Amino acid sequence: MAEDDMYFDDPNDYGVEEDDDGDGGSGSYTPNRGGAPSSAAAAAPPGTVVSSAATTTPVRSHGSPGAAFMPRLASDTFVSNQPAQARERVFSPDDVISQLIDPTVTQVSQVLNWSRSSTLALLRHYKWKRETLTENYFADPDQVIRKTKIRNSTEDVNWTTAENECLMCFDDVPAKQAAHLSCGHVFCTDCWNGHLRYALDNNAANSVSTRCPMKGCPVVCGELTFQTMLSLRPADAKYLSKYRSFLVSSFVSDSECCAYCPAPGCTFIIYYPGVSRRALCQPVSCRCGKRFCFLCNGPDHAPASCTNWKQWLLKEQSESETANWVMANTKLCAGCGKATEKNGGCNHMTCSQCKYEWCWVCEGEWSKHGSSYYKCNFFDSTKEDKSKTSARDSARTELERYLFYYSRYRNHEQSQKLDGVVMAKVRRHIREEVARCNGRTMVDVDFIERTASVLIECRHMLMYSYVYAFYLTDMRAKALFEYNQSQLEYFTEMLSGYVEKPAALDRQEVVNRTAIADSMLTKLKEGCLQF
């Protein structure tokens with residue numbers, strides 16, 4: 001079972017390894033990663049997720065007889081109340097709290113025997129890497145406390161039973177109008193409210209780890225503290241929702257398994273525990289219909305890698321191509337150094353800036369050319385001239401190569417913008433055919449909608465395939481890639497013809513050609529992963 005497929009509904013379900021030498025010394029807690037499968041796993045059919053029974057063997061840390069026992073968390077994948085799946089899942093902010101954050105905090109707090117609020121602060125400090133936190137804590141708990149400046153404290157909000165002085169405003173506060181956490185620092189309700197509201201207004205996601213108002217106090221204000229203090233006044237109710245929002249945003253920003261959907265106005269979060277950070281591109285889809293790359297939060301740019309896609313954007317948006325064009329199509333005037341473009345067939349150049357006359361071919365002074373106005377007889381193939389010519393030719397070649405791929409990339413991009421129009425046209429055609437009731441049912445005509453969907457996928461793939469090809473340097477792999485690319489181009493245009501004129505089509509022919517195009521699309525994707 002892959003590490004990222006491990007989920008626990010029971011906090012006792014931990015995998016550990018016993019001390020190998022049997023001397024009671026320090027043991028390791030590394031879960032089985034790629035080792036020999038268990039008997040249950042070996043007997044299971046392919047593709048089955050096997051959960052081994054929980055046998056929590058206590059293992060000493062430090063090798064000392066009195067050292068703490070540490071049950072091992074299987075991985076840094078977050079605990080989830082949902083069954084393990086291979087693909088991404090889409091959560092609302094409330095779902096993230098109930099299905100990801102709360103189960104994870106509960107499990108780790110039980111392992112460490114810490115309160116939930118203190119555990120939450122520790123997890124945030126460790127970027128929600130549960131395994132790293134537990135390993136460090138059981139290796140040296142004092143070091144973790146010193147490093148994080150967080151110590152275990154109860155979550156209870158204790159109300160005073162007698163008159164006390166507020167340590168912030170120094171007023172004498174009657175009983176039941178002041179409170180303190182486990183640290184014992186007493187503050188009135190007004191100061192508590194001001195402290196928590198200020199944290200939420202100014203510290204954004206860091207407000208989740210707000211400490212006691214007393215300077216230097218390590219006690220963390222947990223969710224219970226926020227709920228208790230901010231529910232005293234109806235006007236403060238908005239701050240409670242603010243706290244939950246910041247809790248989710250801090251979790252998503254710190255986690256490598258979560259990402260916000262980049263669509264404007266969308267609040268859904270994509271959870272992808274099995275994502276590979278070494279992948280070229282990891283396309284995911286949100287409930288709102290937005291498809292994007294989970295790794296870089298950009299558009300779905302498969303088969304181009306995230307690095308190549310960012311390089312392509314910079315190349316497209318920067319002025320580097322303008323500079324390449326200037327280098328490829330102009331020469332510097334020897335008189336004033338201005339870039340000069342030749343706008344006629346004559347090699348006799350006269351600079352419009354300084355009026356210097358020179359030869360376009362050899363870039364020398366024109367007065368030495370005598371009457372040879374249309375042919376340079378004094379071209380001297382010196383090393384310096386070769387260098388200039390080589391640099392100019394190289395820039396021209398690179399510009400032409402870029403324009404070759406860019407024009408095809410842009411062509412498919414423009415075609416993609418018509419996707420909605422194409423699909424609307426196909427669906428209208430299907431409704432019209434069924435409405436005519438010429439013995440045809442929805443099954444007889446809906447095949448063209450499948451063809452339109454494959455066409456859209458093919459155009460999307462072809463668009464970014466030119467970005468991929470531009471940066472592909474392995475010539476042998478590039479030749480094979482371009483062959484598969486040309487085949488996909490051929491079948492894409494064929495499908496486009498079917499969709500543009502859906503009337504009187506041979507159903508079986510269209511279905512077959514659609515299947516071939518879909519197969520070519522899959523082959524091109526698989527080929528990109530191998531190169």
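Residues numbered from 1 in each chain as written. Predicted model: local features only at pLDDT ≥ 70, side-chain atom pairs only at ≥ 80, totals over all residues. Heavy atoms only, no water.

A.B. asks: Teacher, can you tell me more about the overall build of the protein chain here?
C.D. replies: From N to C terminus, the protein chain includes 16 helices and 14 strands. Counting all 531 residues of the protein chain, 41% fall into the buried class. For the protein chain, the proportion of contacts with a sequence separation of at least 24, taken over those separated by at least 6, is 58%. Within the structure as shown, the protein chain displays about 28000 Å² of accessible surface, and the carbon and sulfur contribution to it stands at 51%. (Helix = DSSP H or I, 4+ residues; strand = E, 2+ residues; numbered from the N terminus. Buried < 20%, exposed > 50% of the residue type's maximum accessible area, 1.4 Å probe, protein only. Contact = heavy atoms within 4.5 Å. Areas by Shrake-Rupley, 256 points an atom, 1.4 Å probe, with all protein chains shown as cover.)

A.B. asks: Which parts of the structure should I look at to understand the sheet that holds strand β8 (residues 269-271)?
C.D. replies: In a beta sheet, neighbouring strands are held together by backbone hydrogen bonds and run either parallel or antiparallel to one another. What the three strands build is an open sheet, ordered β1-β8-β7; its pairing is antiparallel. Looking at the sheet topology across the chains shown, the edges are occupied by β1 (89-91) and β7 (258-260). For this sheet the average axis-to-axis angle between neighbouring strands, irrespective of direction, equals 30 degrees. Against the sheet, helix α8 (residues 237-254) engages β7 and β8, with an angle of about 120 degrees to β7. (Pairing = 2+ DSSP bridges. Axes fitted to C-alpha atoms, helices over the stretch in contact; angles between N-to-C directions.)

A.B. asks: Honestly, unusual backbone geometry in this entry has me stumped. Any pointers?
C.D. replies: Most peptide bonds adopt trans geometry, and most residues besides glycine take a negative phi value. Cis geometry marks the peptide bond from alanine 302 to proline 303; its omega dihedral reads 15 degrees. Tracing the backbone shows proline 303 in the loop between β10 (291-293) and α9 (306-317). Of note in this structure, phenylalanine 170 is not a glycine but carries a positive phi near 60 degrees. Relative to the elements of secondary structure, phenylalanine 170 occurs in the loop between β3 (164-165) and β4 (172-173).

A.B. asks: Could you clarify how one ought to interpret the state of the cysteines in this entry?
C.D. replies: Here a disulfide denotes a covalent bond joining the sulfur atom of one cysteine to the sulfur atom of another. Under the defined criterion, the tally for this structure stands at zero disulfides. Cysteine 169 supplies the cysteine sulfur nearest to cysteine 166, a cysteine that is in no disulfide, at a spacing of 3.5 Å. For cysteine 166, a relative accessible area of 1% translates into the label buried. (Disulfide = S-S within 2.5 Å.)

A.B. asks: Help me understand the packing of helix α6 (residues 189-202) against helix α7 (residues 223-230), please; the structure alone is not making it clear to me.
C.D. replies: In a packed pair of helices, the relevant descriptors are the angle between the two axes and the axis-to-axis distance. Across the interface, α6 lies against α7 with an axial gap of 10 Å and an inter-helix angle of 120 degrees. One way to sum up the angle between α6 and α7 is to call them oblique. With respect to the hand of their crossing, α6 and α7 are arranged in left-handed fashion. The residues of α7 that touch α6, namely those facing Trp192, Asn193, Leu196, Arg197 and Leu200, are Thr225, Phe226, Met229 and Leu230. Taken together, the residues of the contact of α6 with α7 sort by class into six nonpolar, two polar and one charged. (Parallel < 35°, antiparallel > 145°, perpendicular 65-115°, else oblique. Left-handed = near helix turned anticlockwise from the far one by under 90°. Nonpolar A, V, L, I, M, F, W, Y, C, P; charged D, E, K, R; others polar.)

A.B. asks: Looking at this structure, I do not really get the nonpolar core. What am I missing?
C.D. replies: It is characteristic of soluble globular proteins that their nonpolar side chains tend to be buried jointly. In terms of nonpolar packing, the biggest core is built from 54 residues, with Val96, Ile101, Leu112 and Phe251 touching the most fellow members. A total of eight residues in this core trace back to one element, the largest contributor, which is helix α2 (residues 93-112). Contacts of isoleucine 101, omitting those with residues within four sequence positions, involve Val96, Trp128, Leu247, Val248 and Phe251. In terms of nonpolar packing, the next biggest core, distinct from the first, is built from 39 residues, Ala452, Phe470, Val510 and Met520 among them. (Core = buried A, V, L, I, M, F, W, Y, C linked by side-chain atoms within 4.5 Å.)

A.B. asks: Help me understand the sheet that holds strand β2 (residues 158-159), please; the structure alone is not making it clear to me.
C.D. replies: Strands sit in the order β2-β5-β6 across an open sheet of three strands; the sheet is antiparallel. Of all the strands in the sheet, just β2 and β6 (187-188) have a single pairing partner and so form its edges.

A.B. asks: Looking at this structure, I do not really get the pattern of salt bridges. What am I missing?
C.D. replies: Opposite charge on two side chains allows them to pair when their charged atoms are near. All chains considered together, the criterion is met by 13 salt bridges. A salt bridge links arginine 244 to glutamate 223, with the nearest nitrogen and oxygen atoms 3.2 Å apart. With a gap of 21 residues between them, arginine 244 in helix α8 and glutamate 223 in helix α7 connect regions that are remote in the sequence. Linked by salt bridges that have partners in common, Arg291, Asp300 and Glu457 make up one network. (Salt bridge = Lys/Arg side-chain N within 4 Å of Asp/Glu carboxyl O.)

A.B. asks: How should the side chain of arginine 124 be read in this particular structure?
C.D. replies: Positionally, arginine 124 belongs in helix α3 (residues 116-125). As a buried residue without a salt bridge, arginine 124 has its nearest oppositely charged side chain in aspartate 254, at a separation of 4.0 Å. (Lys, Arg positive; Asp, Glu negative; His and termini not counted.)

A.B. asks: Looking at this structure, how should I read the packing of α2 against α8?
C.D. replies: Two elements in contact, α2 and α8, have axes whose closest approach is 10 Å; the angle formed by their N-to-C orientations is 65 degrees. With respect to α8, the axis of α2 lies roughly perpendicular. Judged by the sense of rotation from one axis to the other, the crossing of α2 with α8 is left-handed. Within the contact between the two elements, α2 uses Pro93, Asp94, Val96, Ile97, Leu100 and Ile101 and α8 uses Arg244, Leu247, Val248 and Phe251. A per-class count over the contact of α2 with α8 returns eight nonpolar, no polar and two charged.

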